[in-house]
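Summary of structural features
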Amino acid sequence: MTVEAAPTAHRIFERSDFMVFGLCAVAVGAAAVTRYANVPSVVAFIVAGAAVACLASLVGRSVEQLGDRFGAGATGVLQGALGNLPELFIGFFALKAGLVSVVQSAIIGSILSNILLVLGLAFVAGGLKHGTQTFNSERARTTMVLMVLATGALVLPSLASYVHTPAEPHEKALSIFVAIILLVVFALSLPASLKRSASTASGAGAAAHTEPPRWPIWLAVALLAVASGCAALVSDWFVYALEPAIQALGISQAFAGLVIVAIAGNAIENVIGIKLAWKNQSDYALSVIINSPLQIALVLAPALVLLSLLTATTLTLVFAPMLIMAVAITVIAVAFIVFDGESTWLEGACLVALYAIIGAVFWWG
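An unreviewed UniProt entry lists the chain under the name Ca(2+)/H(+) antiporter, from Dactylosporangium matsuzakiense. Checking UniProt for the chain, the heading Function (unreviewed entry) contains the comment "Ca(+)/H(+) antiporter that extrudes calcium in exchange for external protons."

Dropping the structure here:
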């Protein structure tokens, strides 16, 4: 029994690892060719987006191998933080290109795609296979309370601007202040998140990591560094092709950020969450899916506000009214669904339908 459990040299890499390595190499190479060759912007955009998704897969795999050493709680934190690296790079380069509406739409779109599309598909997949699924309602409520508070922090600066309060002329200073507060809240929430995960080590989180880590720590760190560096490079190419591709396809910047960029940046997390629900690991699936948009609101958005100070384009937390309405309706709807600790395929179908409606509203801008 102990001999089988110990990782052997020939099991450091599995077939799926080599597939991911190969896909990343091919995708990055193709993205480099389309970036510097005279190809249609739409082709360059699609290839760069596929490369971002492949690199996100490698980042996620490296984080899993690291996190297994430190427990399920650390794995969740690392997955959420480093899994959003491609979106951070895309947002930063988009700000350098002056695409503020794309960045703001992508922030909201990343939240919506996770807690409407991905959570909805996970509920549908798990519900159709296993019937009504249950999960830890206390943990879900705690996460959703943080999500409501984070969303409120994103909404209030916009409301201050809409109703012309005395804070309106100071939206840049207000956004910086709110960004710092959100980062502090995230830092304060880390010990509690890790403690909750540790207390449930024999539950869903442990069930999701039954195999011992196969990669040495140095290898996981090295691959994570390589994947992160390549993701930064490819994100620049992705943004370079983004604006001409938007014009060629005839879609709005808002739709591109809300749907296309958001789904590309979260592609791997989307698949993981749905797969966990299909395996009836509903607690862990909910944790993976909901913690990602929570970190987008608490970390990614504030980080982009502060990073925008290094560019010629200042990002504030004053979003378009329709974006604010969309995220407010979404968070309220999801809170009602998860508070009882149960999910059905019909609830999931309703969440997917709401996402489709929001996407259709933003198709024209």
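This part is about the overall build of the chain. What the chain contains, in helices and strands, is 15 helices and 2 strands. Within the span of the chain, comprising 365 residues, buried residues form 48% of the whole. Long-range pairs, those at least 24 residues apart, make up 87% of the contacts in the chain with a sequence separation of at least 6. Of the roughly 16000 Å² of accessible surface on the chain, a fraction of 71% belongs to carbon and sulfur atoms.

Another point: a nonpolar patch on the surface. Together, L128, W345 and L346 make up an exposed nonpolar region whose accessible area comes to about 340 Å². For L128, a relative accessible area of 59% puts it in the exposed group.

What follows is about the pattern of salt bridges. Evaluation of the coordinates by the stated rule reveals 2 salt bridges. For R214, the salt bridge identified is with D17, shortest N-O distance 2.6 Å. Here the residue R214 occupies a position in the loop between α9 (204-207) and α10 (217-249), and D17 occupies one in helix α2 (residues 15-36), the gap between them amounting to 197 residues.

Positive phi values are uncommon outside glycine, yet H164 reaches one of about 60°. Structurally, the position occupied by H164 is in the loop between α7 (137-162) and α8 (171-199).

Scanning all chains against the criterion turns up 9 aromatic pairs. Taken together, a centroid distance of 6.0 Å and an interplanar angle of 65° make the contact between F13 and W215 edge-to-face. Of the two residues, F13 is situated in the loop between α1 (2-5) and α2 and W215 in the loop between α9 and α10; the sequence distance between them amounts to 202 residues. Classification of F13 by relative accessible area gives partly exposed; the value is 26%. Ring centres of Y36 and W237 lie 6.2 Å apart, and the angle between their planes is 80°; on these two criteria the pair is classed as edge-to-face. Of this pair, Y36 sits in helix α2 while W237 sits in helix α10, placing them 201 residues apart in sequence. Residue classification places Y36 among the exposed residues on the basis of a relative accessible area of 61%. For W237, a relative accessible area of 8% corresponds to the buried category. Of the aromatic side chains, those joined through ring pairs into one cluster are F13, F18, F21 and W215. Sitting over the ring of Y240, R35 keeps its end group 3.6 Å from the ring centre.

With that settled, consider the nonpolar core. Judged by nonpolar contacts, the single largest core of 105 residues is most densely connected at L112 and V338. Among the elements that take part in this core, α10 stands out by supplying 15 residues, more than any other. Excluding its chain neighbours within four sequence positions, the residues that come into contact with L112 are L117, L258, A326, V327, T330, Y355 and I358.

The next thing to look at is the environment of V100. Assignment of secondary structure puts V100 in helix α6 (residues 100-130). Along the sequence, V100 and G257 sit 157 residues apart, while their C-alpha atoms lie 9.8 Å from each other. The residues touching V100, leaving out its near neighbours within four places in the chain, are T313 and L315.

Its axis deflected by about 35° at L242, α10 carries its strongest bend there, up to four residues before the proline P244. Directly beyond the C-terminal end of α10, a positive phi value near 70° is found at G250.

Here we come to the packing of α2 against α10. It is the contact of α2 with α10, at a shortest axis distance of 10 Å, that shows an interaxial angle of 30°. Looking at the two axes, α2 sits roughly parallel to α10. Both α2 and α10 take part in a crossing whose hand is left-handed. Residues F21, V28, A31, A32, R35 and Y36 of α2 pack against L223, V234, W237 and Y240 of α10. Each residue belonging to the contact of α2 with α10 can be placed in one class, and the counts come to 9 nonpolar, no polar and 1 charged.

Cut-off values and rules
- Residues numbered from 1 in each chain as written.
- Predicted model: local features only at pLDDT ≥ 70, side-chain atom pairs only at ≥ 80, totals over all residues.
- Heavy atoms only, no water.
- UniProt positions renumbered as here; feature names shortened; annotations may be inferred.
- Helix = DSSP H or I, 4+ residues; strand = E, 2+ residues; numbered from the N terminus.
- Buried < 20%, exposed > 50% of the residue type's maximum accessible area, 1.4 Å probe, protein only.
- Contact = heavy atoms within 4.5 Å.
- Areas by Shrake-Rupley, 256 points an atom, 1.4 Å probe, with all protein chains shown as cover.
- Patch = residues over 30% accessible without salt bridge, like charges linked within 9 Å, V, L, I, M, F, W, Y side chains within 5 Å.
- Salt bridge = Lys/Arg side-chain N within 4 Å of Asp/Glu carboxyl O.
- Phe/Tyr/Trp six-rings, centres within 6.5 Å; stacked < 30°, edge-to-face > 60°.
- Lys NZ or Arg CZ within 6 Å of the ring centre and 35° of its normal.
- Core = buried A, V, L, I, M, F, W, Y, C linked by side-chain atoms within 4.5 Å.
- Bend = angle between axes of the 7 residues up to and from the residue.
- Axes fitted to C-alpha atoms, helices over the stretch in contact; angles between N-to-C directions.
- Parallel < 35°, antiparallel > 145°, perpendicular 65-115°, else oblique.
- Left-handed = near helix turned anticlockwise from the far one by under 90°.
- Nonpolar A, V, L, I, M, F, W, Y, C, P; charged D, E, K, R; others polar.

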